[in-house]
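This is what each chain is made of:
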Amino acid sequence: MQTIFSIAVDALAYGMVLFVISIGLSVTMGLMRVVNLAHGAFAMIGGYIASYAARDLGLGYGLAVLIAVFGTIVIAVPIERLLYRRIYGAPELTQVLMTIGITFCIIGIANYVFGPTLKTMPLPPGLRGSVDLGFRSIATHRLFAIACGLAVAVGLWYAIEKTAFGVKLRASVDNAAMAAALGVRTEIVYAVSFAVAVGLAALGGVVGAELLPVEPYYALRYMVTFLVVVSVGGAGSIPGALLACLLLGGIDTAGRYLMPEFGEFFFYLAVIAIVCVFPRGLAGRTR
Amino acid sequence: MTMATMNDTVATTTAPVKRRSFGRDLAGLAVILALAAIGYLLFPNNLALLTRITAIALLVLSLDLVTGYCGVATLGQAALFGSGAYAAGIAAVHFGITDPLLMLVSGVLGGAFAGLVCGVVILRAHGLPQLVLSIALIHLFHEFANKASSWTGGSDGLAGIAPDPLLGLFAFDLWGRTAYGFGIGLLAVVFALLRLIVRSPFGMLCRGIKEDPIRIRAMGASPRVAIVKMYVLSGAVAGVGGALNAISTQVVGLDSLSFTLSAESLVMLVLGGTGSLFGALAGTIVFMFFEDIVSAANPFHWLTMVGALLIAVVLFAPRGLYGTAAAFVARRREAGR
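Thresholds, definitions, all that
Residues numbered from 1 in each chain as written. Chains lettered and ligands numbered in written order. Predicted model: local features only at pLDDT ≥ 70, side-chain atom pairs only at ≥ 80, totals over all residues. Heavy atoms only, no water. UniProt positions renumbered as here; feature names shortened; annotations may be inferred. Contact = heavy atoms within 4.5 Å. Buried area = accessible area lost by both parts, 1.4 Å probe. Salt bridge = Lys/Arg side-chain N within 4 Å of Asp/Glu carboxyl O. Helix = DSSP H or I, 4+ residues; strand = E, 2+ residues; numbered from the N terminus. Nonpolar A, V, L, I, M, F, W, Y, C, P; charged D, E, K, R; others polar. Core = buried A, V, L, I, M, F, W, Y, C linked by side-chain atoms within 4.5 Å. Buried < 20%, exposed > 50% of the residue type's maximum accessible area, 1.4 Å probe, protein only. Patch = residues over 30% accessible without salt bridge, like charges linked within 9 Å, V, L, I, M, F, W, Y side chains within 5 Å. Areas by Shrake-Rupley, 256 points an atom, 1.4 Å probe, with all protein chains shown as cover. Polar contact = N/O pair within 3.5 Å; in protein donor to acceptor, adjacent residues only side chain to side chain. pLDDT = per-residue confidence, 0-100. Phe/Tyr/Trp six-rings, centres within 6.5 Å; stacked < 30°, edge-to-face > 60°. Disulfide = S-S within 2.5 Å. Expected span 1.5 Å × (residues − 1). Axes fitted to C-alpha atoms, helices over the stretch in contact; angles between N-to-C directions. Parallel < 35°, antiparallel > 145°, perpendicular 65-115°, else oblique. Left-handed = near helix turned anticlockwise from the far one by under 90°.

As annotated in an unreviewed UniProt entry, chain A is ABC transporter permease from Sinorhizobium saheli. According to UniProt, the comment filed for chain A under the heading Sequence similarities (unreviewed entry) is "Belongs to the binding-protein-dependent transport system permease family. LivHM subfamily." For the record of chain A, the UniProt heading Subcellular location (unreviewed entry) holds the text "Cell membrane".

See the structure below:
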């Protein structure tokens, strides 16, 4: 019972962190049809900036998170302007190569600037302890991660379903050329959603630093996980991504608890099985 | 991927063209042998590196078969290479098959079997899910080899491979001369065979599938079956490379089943130019020498350099080194006429 409970809490926290990081990837992939392998690298940049702000500059946790999110957006937007612009609509292989090239560059630079060691993120006292639920106590940080995930899910749902920008976004996802013909400025929709996606990745990188430790090979190590979430959930679908994160987080965490000697064997086996059964993702639409 | 239609496509069946492409085959073989001889003369003390380049060249050729000729984007090609290497190594260590040619055969069989498995799984999906399947497969192979340590040696690697002398005459010496000669021989044979295969009706069918699968289906051929066949062939070629690596280094490590090796082989292929066997060879040679020089200086700058190189190739030379050079030569010839 104890084990099941801790697996459930850890799986939920892990799944929510995955969701915060990869939902941006899912939306941009559904919108711009770019296979972006560099998304994890942006989460890593967020983690590095927050760690630098909190540890070396001694700023508060909340301020560090804000700086990380905006700093990452400031770094990412020129990259979008200069490099991503050129691969919209290009063949998949070209997109893979360009974004993997960007990932390699970011890893190399991060290593040069921050060194190869693990970066820790000092937690504020409010998130350090644990909360007593009467029969069990949970680490507060896990609860915080879960709450962040839920907040992001609700916020995105509201923004996409209820606001004018969301209508334009959905129109561009369905048919960019038609949306542009009807007066939607797809350029701006693209740029804003790319910035939001990168900001969310940075937020996820900071909040999840306890679960996915920040180090130079972060971008390569978790790249697969984020891509898997998007392709299992179906690109561009928020419920699909949420479902995929919870499912994959559950499988991965259960595998680690129950059969640690097998590593990620069952995780990848599950991924292959799911993609083979649902080639368009759990919530994928037929085109 | 219409941009990768290479100018050495020899679709017509007229006699002069056939003769010319045969001439190109001979020229290609001559270039391989000449480069091998130059390498031997220039780096007599570094034959291990040259043999490694030969093995990786076989891997990149096999990747070209599925990516360049069939249009399947995969980041898991090392699964086939590593399976070939482990098949050859396990045959030698656990079954006492130490004749190099028999080890080669088991490597080919192992690679072809892995190719069949990967082909059947990867072709279940298209686009991003296909890419994810290929990545998941290479990780699955890696984890499996790590777990089955009684057979594969796990993370310590499979050591103790001691191949017999080649044909009973040439022992695998400390300087790696025999291994180098063996490797170059294998590369030349495989290259000649592949030149014939990619020009055959089957090779043409695969190119057609890459251009337009729906039309091929309408013509009555099955794209899926053709690509799975190509995958098995590609597995056999990668298996030759893996077996060569196992025989020459006498050890098989988990790195031969790694995602990094898969990604690097894709980089080499694109650097040289997809859809052309010459491009695959050129990309491998340039990349491996570059890596040897730069990574000796600083491994992390190496990663930044590869990244910058990739971005530069995508932006400025999307057809790769060989493709750009061939297009340049063709333009000059047009202008001269």
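There's plenty left to go through after this.
Each partner contributes to the interface: chain B provides 38 residues, whereas chain A provides 43 residues. Carbon and sulfur atoms supply 85% of the area that chain B and chain A bury against each other, a total of about 3,600 Å² over both sides. Our count for the contact surface shared by chain B and chain A stands at zero salt bridges. At the level of secondary structure, the elements contributing two or more residues to the side of chain B that touches chain A comprise helix 5 (128-147), helix 11 (259-272) and helix 13 (299-316) of chain B. In terms of residue count, the dominant contributor to the side of chain B that touches chain A is helix 5 of chain B (13 residues). Taken together, the residues of the side of chain B that touches chain A sort by class into 28 nonpolar, seven polar and three charged.

The next thing to look at is the nonpolar core. Nonpolar side chains tend to gather and get buried jointly when the protein is soluble and globular. Counting 204 residues, the largest nonpolar core has Ile23(A), Phe42(A), Tyr84(A), Ile102(A), Leu227(A) and Leu75(B) as its most contacted members. If you tally residues by element for this core, the top one is helix 2 (residues 47-68) of chain B, at 14 residues. Non-local contacts of Leu75(B), meaning those with residues more than four positions away in its chain, are made with Leu37(A), Val96(A), Ile100(A), Leu131(B), Ser134(B), Ile135(B), Ile138(B), Phe259(B), Ser262(B), Ala263(B) and Leu266(B).

This part covers a nonpolar patch on the surface. Residue and element names in this part refer to chain B. Residues Val31, Leu35, Ile38, Leu42, Phe43 and Ile285 make up a contiguous nonpolar surface patch of about 520 Å² in total accessible area. Top contributing element to the nonpolar patch by residue count: helix 1 (residues 15-42), with four residues. Within the secondary structure, Phe43 is located in the loop between helix 1 and helix 2.

Residue and element names in this part refer to chain A. On inspection of all chains with the given rule, the structure shows five salt bridges over all chains. The partner of Glu80 in a salt bridge is Arg85, with the nearest N and O atoms 3.6 Å apart. Residue Glu80 is classed as buried on the basis of its relative accessible area, which comes to 2%. The shortest N-O distance in the salt bridge between Arg85 and Glu187 comes to 3.7 Å. With Arg85 in the loop between helix 3 (61-82) and helix 4 (92-114) and Glu187 in helix 9 (residues 186-207), this residue pair connects regions lying 102 residues apart in the sequence.

This next bit is on the side chain of Asn36(A). Residues and elements named next belong to chain A. Here Asn36 lies in the loop between helix 1 (2-32) and helix 2 (39-56). Exposure remark for Asn36: the relative accessible area of 5% places this residue in the buried category. Here Ala38 takes part through its backbone nitrogen, which lies 3.0 Å from a polar atom of the side chain of Asn36. Of note is the side chain of Asn36, whose polar atom sits 2.6 Å from the side chain of Tyr84. Beyond its immediate chain neighbours, meaning those up to four positions away, Asn36 contacts Leu25, Met29, Phe42, Tyr84, Thr99, Phe194 and Leu227.

All names here are of chain B. Within chain B, residue pLDDT values average 82, and 92% of them lie at 70 or more. Within the model, the stretch residues 1-14 combines pLDDT values under 50 with 28 contacts to residues more than four positions away or in other chains. Reported confidences for the modelled complex are a pTM of 0.84 and an ipTM of 0.79.

The next thing to look at is the packing of aromatic side chains. All names here are of chain A. The tally for this structure, following the rule as stated, stands at nine aromatic pairs over all chains. Between the aromatic rings of Tyr52 and Phe114, the centroid separation amounts to 6.5 Å while the plane-to-plane angle is 70 degrees, which identifies the pairing as edge-to-face. Here the residue Tyr52 occupies a position in helix 2, and Phe114 occupies one in helix 4, the gap between them amounting to 62 residues. On the accessibility criterion, Phe114 (28% relative accessible area) is partly exposed. A ring pair is formed by Tyr84 and Phe194, whose centres lie 5.3 Å apart and whose planes are at 55 degrees; its orientation type is tilted.

Let us look at the state of the cysteines. Enumeration over the complete set of coordinates arrives at zero disulfides over all chains. Cys245(A) provides the cysteine sulfur closest to Cys148(A), a residue in no disulfide bond, and the two sulfurs are 14 Å apart. Looking at Cys118(B), it has no disulfide partner, and the nearest cysteine sulfur is the one in Cys276(A), 11 Å off.

In an α-helix, one turn spans 3.6 residues; hence positions three or four apart end up facing the same way. Compared with an ideal rise of 1.5 Å per residue, which puts 14 residues at 20 Å, helix 11 of chain B spans 20 Å between its outermost C-alpha atoms and is within 8% of the ideal. Within helix 11 of chain B, 13 of the 14 residues are buried, which leaves it mostly tucked inside the rest of the structure.

Residue and element names in this part refer to chain B. Between helix 3 (residues 78-95) and helix 10 (residues 223-249), the shortest axis-to-axis distance is 7 Å and the interhelical angle comes to 50 degrees. Judged by the angle between their axes, helix 3 and helix 10 are oblique. Crossing of helix 3 over helix 10 shows right-handed handedness. Together, Leu80, Phe81, Gly84, Ala85 and Ala88 of helix 3 and Tyr231, Ser234, Gly235, Ala238, Gly239, Gly241, Gly242, Ala243, Asn245 and Ala246 of helix 10 make up the contact between the two elements. The residue inventory of the contact of helix 3 with helix 10, partitioned by class, reads eight nonpolar, seven polar and no charged.

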